Amino acid sequence: HPLKVGRALGASVQYFGSGDIPGTDSNGKSIGNYSSHYAAYNLAYGQTLTENLSLGITGKWINAAIDNVSANAYALDLGSLYRWTSRLTLAATLTNLGTQLKFLEEGDSLPLAFHMAAAYQATNHWNLAVEGVYTKTGLASGHVGMEWQPLELISVRAGYRTDTLNRSEERRVGKECRSRW
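In this report, the structure presented in the accompanying data block is examined. (Residues numbered from 1 in each chain as written. Predicted model: local features only at pLDDT ≥ 70, side-chain atom pairs only at ≥ 80, totals over all residues. Heavy atoms only, no water.)

**With respect to the environment of Gly 17**
Consideration 1: In this structure, Gly 17 sits in strand β2 (residues 7-17).
Consideration 2: Take Gly 17: its relative accessible area is 37%, and that puts it in the partly exposed class.
Consideration 3: For the pair Gly 17 and Leu 112, spaced 95 residues apart in sequence, the C-alpha to C-alpha distance is 24 Å.
Consideration 4: Beyond its immediate chain neighbours, meaning those up to four positions away, Gly 17 contacts Ser 36 and His 37. (Helix = DSSP H or I, 4+ residues; strand = E, 2+ residues; numbered from the N terminus. Buried < 20%, exposed > 50% of the residue type's maximum accessible area, 1.4 Å probe, protein only. Contact = heavy atoms within 4.5 Å.)

In structure tokens, the structure reads:
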């Protein structure tokens, strides 16, 4: 929502719930139903600093629950956007800088990541984008995409992500690290 020229406020809610799940004991006997949910509540502010540079910040409250046990975490996202030329835009973000999501005594860190990206408008009908992501786990990934807009109301997009391949490597590395400790 625009506040005044060059300033805006945004809000979002993401919610995923399981509905009722039948619960059983170790013998397979019913012990009633339980449910779970995951929610993220976000409030964002963005501001244009110069004709070419904009900065933004998002505050997050993350809430999750399984049966009657819940967890909360708080985080910030920081972002910048720089218009290098009329056709080339650069961006950088730091996402999920915050506390652990902690159920009982066990906590998990949020997926902290640094993103660098560029978007290039090759012609009025062709856009290209590239993004590099470096996560706290040390694994890097890349995303590339292109868009063709043959008519004003029609866009055709295609892309490729390497992080779907890195997930299996991330799980393997994580298992190796846990087995050593």
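After that view, the rundown keeps rolling.
**What about unusual backbone geometry?**
Generally, phi is negative for residues other than glycine and the peptide bonds are trans, each holding for most cases.
Consideration 1: For Asp 67, which is not a glycine, the phi torsion comes out positive at approximately 55 degrees.
Consideration 2: With respect to the element layout, Asp 67 can be found in the loop between β6 (53-66) and β7 (69-83).

**Let's talk about the sheet that holds strand β5 (residues 36-48)**
Consideration 1: Judged by pairing direction, the sheet is antiparallel, and its ten strands sit side by side in the order β1-β2-β5-β6-β7-β8-β11-β12-β13-β14 without closing on themselves. The two strands at the open ends of the sheet, each matched to only one other strand, are β1 (2-4) and β14 (154-161). Each neighbouring strand pair of the sheet contributes to a mean axis angle of 15 degrees, computed without reference to strand direction.
Consideration 2: Direction of pairing for β5 relative to β6: antiparallel, over a ladder of 13 bridges. From the neighbouring strand, Ala 39 faces β6, where its bridge partner is Asn 63. (Pairing = 2+ DSSP bridges. Axes fitted to C-alpha atoms, helices over the stretch in contact; angles between N-to-C directions.)

**Concerning the pairing of β7**
Consideration 1: Of the strand pairs in this sheet, β6 and β7 are connected by 14 bridges, and their pairing is antiparallel. Within β7, the position partnered with Gly 59 by the bridge is Leu 76.
Consideration 2: With antiparallel pairing between neighbouring strands as the criterion, β6 and β7 make up a hairpin whose turn holds two residues, including Asp 67 at a positive phi of roughly 55 degrees.
Consideration 3: Bridge analysis of β7 against strand β8 (residues 88-98) gives eight bridges, and the strand direction is antiparallel. Residue pairing across strands places Ala 75 opposite Gly 98, the latter belonging to β8.

**Here we look at the packing of aromatic side chains**
Consideration 1: For the coordinates displayed, the defined rule picks out three aromatic pairs.
Consideration 2: Aromatic side chains Trp 126 and Trp 148 sit 6.1 Å apart centroid to centroid with 25 degrees between the ring planes, which places their arrangement in the stacked category. In this pair, Trp 126 sits in strand β12 (residues 126-135) while Trp 148 sits in strand β13 (residues 140-151), placing the two residues 22 residues apart along the sequence.
Consideration 3: By relative accessible area, Trp 126 is classed as partly exposed at 34%.
Consideration 4: Classification of Trp 148 by relative accessible area gives partly exposed; the value is 36%. (Phe/Tyr/Trp six-rings, centres within 6.5 Å; stacked < 30°, edge-to-face > 60°.)

**A short note on the pairing of β14**
Consideration 1: Bridging between β13 and β14 involves seven bridges; their strand directions are antiparallel. Among the inter-strand pairings, Glu 147 is bridged to a residue of β14, identified as Arg 157.
Consideration 2: Connecting β13 to the next strand, β14, in antiparallel fashion are two residues.

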